[in-house]
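This is what each chain is made of:
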Amino acid sequence: MGGHPRRDLLAGLTVAIVALPLALGFGISSGLGAAAGLATAVVAGAIAAFFGGSALQVSGPTGAMTVVLVPIMHEHGASGVLTVGVLAGLLLIALALARAGRYMALVPAPVVEGFTLGIACVIALQQVPAALGVPIPPGEKVVMVAWQAVLDFAAHPNGWALLIAAAVAGVMLAGARWRPTVPFSLLAVAAATVAAELTGLEVARIGQLPSGLPAPSLSFLDLATLGSLIAPAVAVAALAALESLLSAAVADGMSVNHQHDPDRELFGQGLANLIAPLLGGVPATGAIARTAVNVRSGAHSKLAALTHAAILGLIVFTAAGLVAKIPLAALAGVLLATAIRMVEVGSVAAMLRSTRGDAVVLVLTALATLALDLVQAVILGLLVAGVLALRAIARNVRLEAMPLRPDLPRDHTDEEHALLAEHIVAYRLDGPLFFAAAHRFLLQLSKVADVSLIILRMSRVTTIDASGALVLADAIERLQRRGITIYISGIRDGHHQPLHALGVIARLDQAGHVFATTPQAIAAARTHLQHTGILPASSGEPISAHPLGEP
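Remember, predicted model here, so these are calculated numbers, not experimental data.

### Things to note about the packing of aromatic side chains
Stage number 1. Across all of its chains, the model carries two aromatic pairs by this definition.
Stage number 2. Relative to Phe51, the ring of Phe50 has its centre 5.0 Å away and its plane inclined at 75°; by these criteria the two rings are edge-to-face.
Stage number 3. Take Phe50: its relative accessible area is 45%, and that puts it in the partly exposed class.
Stage number 4. Since its relative accessible area comes to 33%, Phe51 is described here as partly exposed.
Stage number 5. Ring centres of Tyr487 and Phe515 lie 5.3 Å apart, and the angle between their planes is 50°; this geometry places the pair in the tilted category. With Tyr487 in strand E7 (residues 485–489) and Phe515 in strand E8 (residues 514–515), this residue pair connects regions lying 28 residues apart in the sequence.

Put into structure tokens, the structure is as follows:
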């Protein structure tokens, strides 16, 4: 497992202390209860650590996953959540076998930042009822539920619950700045529990937990409603893949010599989500906060994450009675502080100042996370980021008129140069000629002034697709209808296929109007103009058609 077992054991103990209140809180927030959160932390934490592709990753219930599970719980109940977990596990294993892990690195940074910001807001809003000491109002939209909770609190204020939540959150936030390595979350929860017990405060508690994990069972699988659970399962699998691989990447960045295997990590997460629901757990992912604590605590191998799971398992079997006495408001304070700490204000501010496009993607993804489900928010963010990226790339295509003189043989006189320039124009295409840029290119080329012959220099075209090839054909046809002869030079090897397949240059090639280099095209153009009588026949040697200069 590694060469630093003592450090790994201490790191595992530290992470377990931090994870205990989070597992309880996220289990309750999901709707399945604190026991489900603990079962997930133990089972998924151990399986994902052992079979996953990161030596430093810590897995378990997370706030992001809770956000997805709440509407599933409302619509399908506990059996639906557990069934979705199993289906998501199978999908993650399929993604691992398809070696899809590498593609998660393509998610743009503004999407990740907006996603994280939106999740933090949702988690914070989810804690409002417990922090105010009121029953959770019905509804699926977290903003409306939180607002109704505020109205209920105003009608029947519970100052003790609010005080406990605020105190726990305040201790965690202040303690993290003062002594980052001290588990203030557990200390604050323990202090709040003791104070509530000694003073006899009437605040809601977690309640009795089962002493141990439930026996394996497949009774939750509801085949009659399986079809309606496919879409939620895809959402859970997508979120688990995204969050787990982001967390593993964070761990790599915080360490020196560790590099995770994304496909193996997906397999480990898939196996964890396949088994955890069989033991009463909820779908799990890699947890960025707990993983960061693990790395900061000196973890070097998977032994740390396995130790974390073992300690939580020991708590499940020996301390269920003590855990049952924890006030819900205290866990709400833990999750409120966690939500606040999820947001890197400096990183968000820098992203907003970066470019207008980055700011739009970040804000849109964050708002969509609040208004829609998380996977829809990420998809929307990716689509907008993709459109903006295509727009930026499309702007790079240029059509520039190039002087003929550098490409002409030196035996030309100045008079010949001037006469050729009156009748021949060479245009160089720079950048990608694809669907997003094709229309702009057509407009530019259509505005060419009347000349006898145009040479299109294509050596700097970086890419060309079917749309770009068809637009090029349209532009050539328009120019030919105006009586302008078209020559093409410098087509790259990889670009011949789309141009020939769509018949763009077939007739030009048959007519001998396609050349490897621009000097060859100019020489042929001069000969063509002489044959048509536009230029006088040269008394000197014919222009050689050997490659000179740029294609």
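### Concerning the layout of surface pockets
One simple way to see leftover space: roll a probe sized like a water molecule over the atoms.
Stage number 1. Its volume calculated, the largest pocket comes out at about 1300 Å³.
Stage number 2. Lining the largest pocket we find 42 residues, and of these Ile288, Ala289, Ala292, Arg341 and Met342 sit closest to its centre.
Stage number 3. Among the secondary structure elements, those contributing two or more residues to the lining of the largest pocket are helix H1 (5–30), helix H3 (63–97), helix H4 (109–126), helix H7 (159–178), helix H8 (184–199), helix H9 (230–254), helix H11 (288–296) and helix H14 (328–342).
Stage number 4. Residue classes in the lining of the largest pocket are distributed as 26 nonpolar, nine polar and seven charged.

### Quick look at the pattern of salt bridges
Stage number 1. Summed over all chains, the structure comprises four salt bridges.
Stage number 2. The partner of Arg428 in a salt bridge is Asp430, with the nearest N and O atoms 3.4 Å apart. Judged on exposure class, the residue Arg428 and its partner Asp430 are both buried.
Stage number 3. The closest approach of N and O atoms between Asp474 and Arg478, which form a salt bridge, is 3.5 Å.

### Section: the side chain of Ser54
Stage number 1. When you line up the elements, Ser54 lands in the loop between helix H2 (34–51) and strand E1 (59–60).
Stage number 2. If sequence neighbours within four positions are ignored, Ser54 has contacts with Ala248, His260, Glu265 and Lys302.

### With respect to helix H10 (residues 262–275)
Stage number 1. When the terminal C-alpha atoms of H10 are compared, their 20 Å separation across 14 residues agrees well with the 20 Å that a helix rising 1.5 Å per residue should span.
Stage number 2. Among all positions of H10, only Asp263, Glu265, Leu266, Gly268, Gln269, Gly270, Leu271, Ala272 and Asn273 are buried.
Stage number 3. Backbone nitrogen of Asp263 and a side-chain oxygen of the N-cap are separated by 3.2 Å at the start of H10; the cap is Asp261.

### A word on unusual backbone geometry
Stage number 1. The phi torsion at Arg99 lies on the positive side, around 55°, for a residue other than glycine.
Stage number 2. Judged by relative accessible area, Arg99 falls into the partly exposed class, the value being 48%.

### Some thoughts on the packing of H2 against H10
Stage number 1. Packing of H2 against H10 brings their axes to within 8 Å, and their N-to-C directions diverge by 150°. Considered as vectors, H2 and H10 are oriented roughly antiparallel to each other. H2 and H10 meet at a crossing whose hand is right-handed. In this structure, H2 contributes Val43, Ala44, Ile47, Ala48, Phe50 and Phe51 to the contact, and H10 contributes Arg264, Phe267, Gly268, Gln269, Leu271, Ala272 and Ile275.
Stage number 2. Partitioning the contact of H2 with H10 into residue classes produces ten nonpolar, two polar and one charged.

### Regarding the packing of H7 against H8
Stage number 1. Following both chains from N to C, one finds H7 and H8 inclined at 150°, their axes separated by 9 Å at the closest point. Looking at the two axes, H7 sits roughly antiparallel to H8. Relative to H8, the crossing made by H7 is right-handed. Residue-level contacts link Ile164, Val168, Val171, Met172, Gly175, Ala176 and Trp178 of H7 to Phe184, Ser185, Ala188 and Ala192 of H8.
Stage number 2. Tallied by class, residues from the contact of H7 with H8 come to nine nonpolar, two polar and no charged.

Rules behind the numbers
Residues numbered from 1 in each chain as written. Predicted model: local features only at pLDDT ≥ 70, side-chain atom pairs only at ≥ 80, totals over all residues. Heavy atoms only, no water. Phe/Tyr/Trp six-rings, centres within 6.5 Å; stacked < 30°, edge-to-face > 60°. Buried < 20%, exposed > 50% of the residue type's maximum accessible area, 1.4 Å probe, protein only. Helix = DSSP H or I, 4+ residues; strand = E, 2+ residues; numbered from the N terminus. 1 Å grid on protein atoms, 1.4 Å probe; cavity = no way out; pocket = protein on both sides within 12 Å on 5 of 7 lines; lining within 4 Å. Points joined across faces, edges and corners; volume = space filled by probe spheres on them. Nonpolar A, V, L, I, M, F, W, Y, C, P; charged D, E, K, R; others polar. Salt bridge = Lys/Arg side-chain N within 4 Å of Asp/Glu carboxyl O. Contact = heavy atoms within 4.5 Å. Expected span 1.5 Å × (residues − 1). Polar contact = N/O pair within 3.5 Å; in protein donor to acceptor, adjacent residues only side chain to side chain. Axes fitted to C-alpha atoms, helices over the stretch in contact; angles between N-to-C directions. Parallel < 35°, antiparallel > 145°, perpendicular 65-115°, else oblique. Left-handed = near helix turned anticlockwise from the far one by under 90°.

Keep in mind that these numbers describe shape and distance, not what the molecule does.
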